[in-house]
There are 2 protein chains.
Amino acid sequence: MLYIVGLGLSDEHDITVKGLEAVKSSERVYLEGYTSILMVEKEKLEAFYGKDVIIADREMVESNSDEILRDAANVNVSFLVVGDPFGATTHTDLVIRAHELGIPVKSIHNASIMNAIGATGLQLYSFGQTISMVFFTETWRPDSWYDRVKENSDIGLHTLCLLDIKVKEQSIENMARGRLIYEPPRYMTVNQAAEQMLEIEDKRGEKAYTADTLAVGVSRLGSDDQIIRAGTLQQLVDVDFGKPLHSLVLVGSRLHLLEAEILRENAVDLEHLNMVLKRDYNIDN
Amino acid sequence: MLYIVGLGLSDEHDITVKGLEAVKSSERVYLEGYTSILMVEKEKLEAFYGKDVIIADREMVESNSDEILRDAANVNVSFLVVGDPFGATTHTDLVIRAHELGIPVKSIHNASIMNAIGATGLQLYSFGQTISMVFFTETWRPDSWYDRVKENSDIGLHTLCLLDIKVKEQSIENMARGRLIYEPPRYMTVNQAAEQMLEIEDKRGEKAYTADTLAVGVSRLGSDDQIIRAGTLQQLVDVDFGKPLHSLVLVGSRLHLLEAEILRENAVDLEHLNMVLKRDYNIDN
């Protein structure tokens, strides 16, 4: 059996009891390590499980899935993913390959950022489509996500923005020379995401949002030191959210009174927030 | 401390290790029992936790929250909710009351239908706003959700429809006579939801969807006997999904090839599905 086990968002205790039973029954345990990160080290997981954990990078999952699936028709193998198995990234290729090999697959659900974002006080009912924001480079500043945000904001919905992470990247020089030397991992901050959004609004000018649009930045959601701060996009450029992972929500115009109440509790600047709530959302203090 | 603990979707083993630790540390344990149901009985939870579990119905949470919060500044109290604490229903009133009483609150995340629906193969990225469908009565057949579906479908997005449950309802006669006799619980099926949708499309006629629109019905998601079936809305009127809970997804036009691939695996009628995929979604077999 191949178990695809969601680990939840924060630390080793966020696994479900069912997930832990699957891990403990497994002969080999892999941790998917390129689309998200857990806030604990591999060693902590290993101590908690009483098992070795093998980091599966993108290359391994994409070109060496038969090693992951080796003998899984006869023994249990666990493939751990941060969040939920069906969260932002799915592992369709691995599942399809397992099916081809006649290996049964069972997914064990957990929280993902896609539902835990409700901790901001914004109703999950009122979210439109989710977007992903990548690190801009000198020459690559993609803005197709802007159309998605505009579609959401045109009908008053919130937009969850998932922020880029770069793990096991090579510099162009090292790649050219064939040196397997990797850059340190990078995680996009709320500040960087807000800046990139403002840059693209300047360029596109279709008012999907403005510098004064309300937004909520979050970091380390689900952990004891999570941060949730609500303010304008411009304000969020300067708020320190600390260590990764960060995410950002653009607040849609169909904001409900109860949602606004919780934004106030997390306000970067309550006076300014109340002014924007009154002016742009017609919500009184 | 008030812990609000997500139980996940299916059985007692879906609680997280962190959630189980909170329950075990608690002097009193309440189970919110009116917005969703777990697929196991209270007695199983009690045996698993080694604790009594008190069912908190809507009346108790709304008018007797001080009893739930009694002494929670000094001892731990757990309030269990099916799914995630911030899923379809939040418990804002309870949290606000706890804050007023100076009681710290900690939420422990878990899977909810809002992310687990990714098990259908449909990308969470491509879902628009979520709607709720209530049981129609002779005189009350609300259709405001239709506008939400249309907004989603106009931009090609999928729509998750959460289906009504009725727990601890009184008949009008028993209510009039002041008899505390409750009707058996009712859970809307995919069939009923699909029928109600077709009725409202007939009435509104704005083509938010048609009888031939692709949809995915699911039941008991996350359990070993979950059912996922893809077909037209008309076909889903007649598919037996078995015991509750059921949910329904309307498939948006922005369907991706990989998503279609998984719909095929779950097709009610593969030949018809392929015809609709080709005709309405321009996706070849």
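Residues numbered from 1 in each chain as written. Chains lettered and ligands numbered in written order. Predicted model: local features only at pLDDT ≥ 70, side-chain atom pairs only at ≥ 80, totals over all residues. Heavy atoms only, no water.

Draft legend 1. Quick peek at the overall build of chain A. Looking only at helices and strands, chain A features twelve helices and twelve strands. Its C-alpha radius of gyration of 21 Å places chain A within 12% of the 19 Å reference for a compact globule of 285 residues. Residues classed as buried in chain A amount to 56% of the 285 residues present. In chain A, 71% of the contacts between residues at least 6 apart in sequence involve partners at least 24 apart. (Helix = DSSP H or I, 4+ residues; strand = E, 2+ residues; numbered from the N terminus. Rg over C-alpha atoms; globule rule 2.2 N^0.38 Å. Buried < 20%, exposed > 50% of the residue type's maximum accessible area, 1.4 Å probe, protein only. Contact = heavy atoms within 4.5 Å.)

Draft legend 2. Summary view of the relation of the copies chain B and chain A. Once turned by 180° and shifted 0.0 Å along the axis, chain B lies on chain A with an RMSD of 0.0 Å. Accordingly, the operation relating the two chain copies is best matched by a two-fold axis. Mapped onto chain A, 100% of the interface residues of chain B are again interface residues, and the two copies thus contact each other with one and the same surface. (Least-squares fit on C-alpha atoms with pLDDT ≥ 70 in both.)

Draft legend 3. Quick peek at the pattern of salt bridges. On inspection of all chains with the given rule, the structure shows 46 salt bridges over all chains. Bridged by salt links that share partners, the residues D143(A), D147(A), K203(A), R204(A) and E206(A) form one connected network. (Salt bridge = Lys/Arg side-chain N within 4 Å of Asp/Glu carboxyl O.)

Draft legend 4. Looking closely at the packing of helix α11 (residues 257–265) of chain B against helix α12 (residues 270–281) of chain B. Residue and element names in this part refer to chain B. Contact geometry for α11 and α12: axes closest at 10 Å, N-to-C directions at 160°. Comparing their axes, α12 and α11 come out roughly antiparallel. Pair α11 / α12 crosses with right-handed handedness. Contacts between α11 and α12 pair A260, L263 and R264 from the former with L270, L273, N274 and L277 from the latter. The class makeup of the residues in the contact of α11 with α12 is five nonpolar, one polar and one charged. (Axes fitted to C-alpha atoms, helices over the stretch in contact; angles between N-to-C directions. Parallel < 35°, antiparallel > 145°, perpendicular 65-115°, else oblique. Left-handed = near helix turned anticlockwise from the far one by under 90°. Nonpolar A, V, L, I, M, F, W, Y, C, P; charged D, E, K, R; others polar.)

Draft legend 5. Molecular detail of the interface of chain B and chain A. Listed by partner, the interface residues are 49 residues for chain B and 49 residues for chain A. Carbon and sulfur atoms make up 54% of the surface buried where chain B meets chain A, a total of about 3900 Å² over both sides. At the junction of chain B and chain A, the tally comes to eight salt bridges. Between R254(A) and E151(B) there is a salt bridge; the shortest N-O distance is 2.9 Å. Of all elements in the fold, only α1 (17–24), α5 (92–100), α6 (113–116), β6 (131–133), α7 (144–154) and α11 of chain B reach the threshold of two or more residues within the side of chain B that touches chain A. Element by element, the count of residues in the side of chain B that touches chain A is highest for α1(B), at four residues. A breakdown of the residues in the side of chain B that touches chain A according to their chemical character gives 20 nonpolar, 18 polar and eleven charged. (Buried area = accessible area lost by both parts, 1.4 Å probe.)

Draft legend 6. Spotlight on the environment of T159(A). Residues and elements named next belong to chain A. With respect to the helices and strands, T159 occurs in strand β7 (residues 159–163). Relative accessible area serves as the criterion here: at 1%, T159 is assigned to the buried category. Separated by 89 residues in the primary sequence, T159 and L248 have C-alpha atoms spaced 8.3 Å apart. With residues near it in sequence (within four places) discarded, T159 still touches F127, Q129, I131, V149, N152, L248, V249 and L250. Of the polar contacts made by the side chain of T159, one reaches the side chain of N152; its length is 2.9 Å. (Polar contact = N/O pair within 3.5 Å; in protein donor to acceptor, adjacent residues only side chain to side chain.)

Draft legend 7. Spotlight on the side chain of Q196(B). As for its placement among the helices and strands, Q196(B) is situated in helix α9 (residues 190–204). Within polar-contact distance, the side chain of Q196(B) engages the backbone oxygen of V134(B) at 2.9 Å.

Draft legend 8. Inspection of α12(B) at higher detail. Residue and element names in this part refer to chain B. Within α12, burial applies to L273, N274, V276, L277 and Y281. Buried positions in α12, seen along its axis, are confined to an arc of 165° and lie on one side of it. Tucked inside the fold, the buried residues of α12 contact β10 (214–219), β11 (227–232) and α11. Where α12 begins, the capping side chain belongs to D269, and its oxygen is found 3.2 Å from the backbone nitrogen of E271. (Arc of directions from axis to C-beta.)

Draft legend 9. Local environment of the domain arrangement of chain A. All names here are of chain A. As assigned here, chain A comprises domain 1 (2–111) and domain 2 (114–281). On a C-alpha basis, the centroid separation for the pair domain 1 and domain 2 is 28 Å. With eleven residues of domain 1 in contact, the opposing surface of domain 2 contributes 13 residues. The three residues of domain 1 that bury the most area against domain 2 are L9, I37 and M39, which together make up 45% of that side's buried surface. Our count for the domain 1 to domain 2 interface comes out at zero residue pairs in polar contact (both at pLDDT 80 or more). (Domains from an automatic or database assignment.)

Draft legend 10. Geometry of the side chain of S223(A). Residues and elements named next belong to chain A. Along the chain, the position of S223 falls in the loop between β10 (214–219) and β11 (227–232). A polar side-chain atom of S223 sits 2.8 Å from a polar atom in the side chain of D225. Setting aside residues no more than four positions away along its own chain, S223 makes contact with S10 and M39.

Draft legend 11. The arrangement of the sheet that holds β10(A) in detail. Residues and elements named next belong to chain A. The strand order across the open sheet built from five strands is β6-β7-β12-β10-β11, with neighbouring strands paired in mixed fashion. Edge positions in the open sheet fall to β6 (131–133) and β11, since each of these has one partner strand only. The average angle at which neighbouring strand axes cross in this sheet is 25°, direction not considered. The pairing of β10 with strand β12 (residues 246–250) spans five bridges and is antiparallel. Within β12, the position partnered with V216 by the bridge is V249. (Pairing = 2+ DSSP bridges.)

Draft legend 12. The arrangement of the pairing of β10(A) in detail. Residue and element names in this part refer to chain A. In terms of residue burial, β10 counts as a mostly covered element, since six of its six residues are buried. By the alternation rule, side chains of β10 split into L214, V216 and V218 and A215, G217 and S219, which are all buried. In this structure, β10 lies alongside β11, joined through six bridges in antiparallel fashion. The residue bridging V216 from the neighbouring strand is A230, located in β11.

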